Amino acid sequence: MTYAITQTCCNDATCVAVCPVNCIHPTPEERAFGSTEMLHIDPRACIDCGACADACPVDAIFPVDALTGGQRAYAEINAAYYAGDERPAAGDAVEGPNFHVWGEPVFERSLPSDFGPLRVAVVGTGPAGMYAAQDLLLHTAAEVTLIDRLPVAGGLVRYGVAPDHPATKKVGDTFSRFHSHPRVRMHLGIEVGRDVTAEELSAHHDAVVYAVGASADKRLGVPGEETPGCLSATAFVAWYNAHPEAVAQGVDLSAERVVVVGNGNVALDVARILVADPEALAATDIAAHALEALRTSRVREVVVLGRRGPGDAAYTRSELLALKHLPGVELVVDDHDPRTGAAIDAADPGDRAGDLRGLARVRTEAEPLAGTGRRIVLRFHSEAVEVLSGGDGDGTDGGGDRVRSVRVTDGGGDGGDGDGTADLRAGLLLRAIGYRGLPVPGLPFDEARGTVPHEGGRIAGMPGSYVVGWIKRGPSGGIGANRTCAAETVGTLLADAVAGTLPAPKGDAKAFRRLARQRNRRVVDARGLAAIERAERERGQATGRPRVKLATVEELVATARSRRLLRPAR
């Protein structure tokens, strides 16, 4: 029996480090690392030791014999990665006492024996920031100040991962153990540029690492985009994940059809949540207000638009496979354009287009799906060119001001209006065409790329200041990609420290704590965060859910302040 890596692979390569036979690839030392959607276990070399499964932070690794349903496909996906590969299989003769030949040892965090502890601020508590903090805490004697503009930690893990992906959220458990580390000080609810300046942060720390992500969304740039009922997938994800800046009753689900522009993983996430069984979602940490809205939702059809063909889809194969096995939901392909079917029929089994073979092919009508079924329609070679409201000529509802239909390019199917477009009646449009970083007051900013200019993570022209994550490299790569990104940035920071180029701080940790609390009386520390965690889990226990998130800044801060009234977790 061998093991296989499945859908929730986070790509952080923890499993690679513990494998005794080097059967997991690509490794961080290989060129392909970071460019594959997931890591893969070689069935020829796996010795069934289970070390990788024990180490995996997101429960993505299982014995092949234990795979069920849609997970069975991952046995073939893992094996297919090694088709024609020349790596030695288990049992092949290898010189030396180990199962395989290891490379030369590398000590990337080697510091002088008399090197004193650094005081480093990390701005942002999502994966990028926490991988940087983890690297510093495990490999140096650094003291770390964790800062976040929200009064709760977690970032993308808490507010970006879909609630029906609980295994992916488990990487947050790995990070949370550092929240109470003796060399960590936590200041949540502090925003750089509002409460403290970048200069003040630098004045109280040897170095500052900015891990602020890419929180803005890209625009479509089409007429009608400002119409009520047209919003970003970013806002929708924040809404169903109980982000405190999301409006609790801000999404109208009274229409039968939703159009999602873009076909990356976020697009599939929102499509899946819109048509999933609300009672299945009730077993997750989805926002309470979103769960209630989905229980009364009239949405039965989601049309996902992709500008290019099925071979160029932006989603990962694992996310598509998950849609194929969504209970009670049909996944179909719109064949309005003859190029779509031709690409699917000609594709190899392992290609993106080949994964669509066997799905029903339909023509998306102007009106939504009739009947009581639910479905997701993948429509390729199509893009939204205009958002129409009730008064924009679609002849419905007497001229209301909400989205009533979406005009899309039509590549050759029937039902078009003669000029290569078709109008799809819909009451909600979600744009999921990518994220974009925002400027941080006091830091340089590249408007074209939406990132902070840097050299190996070192901010250009700002000694002692660094970036990591999406604000460093742009919105690409999943959770695990931040591990290698953080390693580069921390390596640059330590090299600067050894070289003596870090500016000396003027204030100490106590002085910064006083400054932070003078500027914002509602700062949440590690004990307050623990109180929030306990309260959410207690609320969940009372309703049979893993947790019920506190959804406003006021609730979060009040719960953190009342920590002395809460009983310790048992």
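Here we summarise the structure given alongside this text. This one's a predicted model, so the numbers in the text were calculated from it and none came from an experiment.

What counts and what doesn't
- Residues numbered from 1 in each chain as written.
- Predicted model: local features only at pLDDT ≥ 70, side-chain atom pairs only at ≥ 80, totals over all residues.
- Heavy atoms only, no water.
- Pairing = 2+ DSSP bridges.
- Helix = DSSP H or I, 4+ residues; strand = E, 2+ residues; numbered from the N terminus.
- Axes fitted to C-alpha atoms, helices over the stretch in contact; angles between N-to-C directions.
- Contact = heavy atoms within 4.5 Å.
- Buried < 20%, exposed > 50% of the residue type's maximum accessible area, 1.4 Å probe, protein only.
- Arc of directions from axis to C-beta.
- Phe/Tyr/Trp six-rings, centres within 6.5 Å; stacked < 30°, edge-to-face > 60°.

A few words now on the sheet that holds strand 19 (residues 428–431). In space, the seven strands of this open sheet follow the order 10-19-11-12-15-13-14, with parallel pairing throughout. Looking at strand neighbours, the two that pair on one side only are strand 10 (230–232) and strand 14 (360–362), the edges of this open sheet. Strand after strand, the sheet turns through a mean of 25° between neighbouring axes, direction not considered. Examined bridge by bridge, strand 11 (residues 257–261) and strand 19 share four bridges and lie parallel to one another. Looking across to strand 19, one finds that valine 261 is bridged to arginine 431. Running at roughly 75° to strand 10, helix 9 (residues 233–240) makes contact with strand 10 and strand 19 of the sheet.

Our focus in this paragraph is the sheet that holds strand 16 (residues 384–389). Neighbouring strands of a sheet are bound in pairs by backbone hydrogen bonds; such pairs are parallel or else antiparallel. Reading across the sheet, the three strands line up as 16-17-18 and stay open at both edges, with antiparallel pairing between neighbours. Edge positions in the open sheet fall to strand 16 and strand 18 (421–425), since each of these has one partner strand only. Averaged over all neighbouring strand pairs, the angle between strand axes comes to 25°, with direction disregarded. Looking at chain direction, strand 17 (residues 403–409) and strand 18 are connected through five bridges and run antiparallel. Residue pairing across strands places threonine 409 opposite threonine 421, the latter belonging to strand 18.

Taken as a whole, helix 14 (residues 338–346) has its buried residues at Thr340, Gly341 and Ile344. Angular distribution of buried residues about the axis of helix 14 spans 90°; they occupy a single face of the element. More than 90 degrees from the buried face of helix 14, the exposed residues found are Pro338 and Ala346. In the core, the buried residues of helix 14 are packed alongside strand 13 (329–334) and strand 14.

Moving on, we come to the packing of aromatic side chains. Inspection of the entire model under this criterion finds five aromatic pairs. A centroid spacing of 5.0 Å and a plane angle of 85° characterise the contact between tyrosine 131 and phenylalanine 175, whose relative ring orientation is edge-to-face. One end of the pair, tyrosine 131, is in helix 4 (residues 127–139); the other, phenylalanine 175, is in helix 7 (residues 171–176), with 44 residues separating them in the sequence. For tyrosine 131, a relative accessible area of 4% puts it in the buried group.

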